[in-house]
Structure formats: C-alpha cells, structure tokens
Amino acid sequence: VRCSEASMLGTMSMTFVARRVTLTELARIQETPADAHRLLGDPKKGWTFSDQMYAAINYCVTGDAKANKGPGAAFHGGKDIGPKGDHGPARYVEPPAVVKVSELLAKVSKKGFMANFEPEAMNEDDDIDPPVEEDDGATLWERFCELRSLYDEAANAGDAMLLGVS
C-alpha cells in the first residue's frame, strides 16, 4: 500500500490526530485527563493522518521523522496528559507554543519540504511505514499545508493544540 493510498483508505492501524482546543476545553482536559483521548476520537474536528505517515511529513519538514524541536513540535511537542494507551499519552501544546510552532511551520517552503523528500532514505527509517513512493511528495505536501493551516488558525484564535496517536 502506497503512503497516499494508506492515508485515503485508512488501512493502517495507527492514526495521528492534531486538534485545536479552546482554553476552556484545555482546562477541562487538565481536570479530567481521560477526556483527551475522547476529544481526539472525532476525526472531523482535527487533522488526521492514518498510520505512521505523519512521520514522513515530519521528515520532510525537519529531516528527522522523530524531531520534536522546532517545527517537529507540531507532531511531538507539548506536555503529556491522560492515560498512556497503546501508543503513549495524548499531548497538549499551550497557546504560546502554538504561536511559535505556527511561525516555524510558516517558514517551511515547498522547495525546502521537497528537498527533504527522499523516498529511499525515508524508507530506511523504521518510523515511516508504509513505504514512501516517488509520487507521494505532492500528497505529503498537501497534508502538511493542512496541518500548517490548523496551527495558524489555532495561533490566531489563542487556542491550544491536542496531539495524539490512536
């Protein structure tokens, strides 16, 4: 299954979710951490990417599928909250950090993104599965732009972000 097919068909076992949360929702999550996974469970209210292909986008943005600093914080940043679950706890990114991540994501150009799109090297990374194919670059760029817009909207609204893998 190609990366773009896997994301469209939802055939893989993991889903990365990034969701805007208001300060009221964040306070509720902090009071009742189990609510974090419930809020992540509605794919219509956030950015989702099936299986581990979000790691491919992080690789294209940062050059490292596991990067959690700089723009990699869009995927792996924030503070842990809630039960650990099968793939770790959910994480929340507070509004000041959302603004910073949004600013960093805004600096990512298509040229820079595509310069890091190296299917052969990416396929050697165990965190990127299913394998990336030569024609997946455009799909990954489009999905990155959606995530960047979500962070920008959250930053402009003063919202936090809730991140998780289910």
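As the structure is a prediction and not an experimental result, all values here were calculated from the model.

Basis of the calculations
- Residues numbered from 1 in each chain as written.
- Predicted model: local features only at pLDDT ≥ 70, side-chain atom pairs only at ≥ 80, totals over all residues.
- Heavy atoms only, no water.
- Helix = DSSP H or I, 4+ residues; strand = E, 2+ residues; numbered from the N terminus.
- Buried < 20%, exposed > 50% of the residue type's maximum accessible area, 1.4 Å probe, protein only.
- Salt bridge = Lys/Arg side-chain N within 4 Å of Asp/Glu carboxyl O.

Peer 1: Can you break down the environment of Glu118 residue by residue, with the values?
Peer 2: You can see Glu118 is positioned in the loop between helix H7 (110–115) and helix H8 (119–123). Residue Glu118 is classed as partly exposed on the basis of its relative accessible area of 38%. As for Glu118 and Glu133, which are separated by 15 residues in sequence, their C-alpha atoms are 9.2 Å apart.

Peer 1: So what's going on with the pattern of salt bridges? Which residues, and what values?
Peer 2: A full pass over the atoms with the stated rule returns six salt bridges. A salt bridge links Asp159 to Arg20; the nearest nitrogen and oxygen atoms lie 2.8 Å apart. With Asp159 in the loop between helix H9 (137–157) and strand S5 (160–165) and Arg20 in strand S1 (residues 15–21), this pair connects stretches of sequence that are 139 residues apart. A residue is classified by how much of its surface remains accessible, and Arg20, at 28% relative accessible area, is partly exposed. Lys79 is the salt-bridge partner of Glu94, the closest N and O atoms lying 3.3 Å from each other. Separated by 15 residues along the polypeptide, Glu94 in the loop between strand S4 (90–93) and helix H6 (95–106) and Lys79 in strand S3 (residues 79–81) bring together distant segments of the chain. With a relative accessible area of 42%, Lys79 lands in the partly exposed category. Three or more residues joined by partner-sharing salt bridges are found here, namely Arg20, Glu153 and Asp159.

Fair warning: the whole summary comes from geometry, so function is off the table for now.
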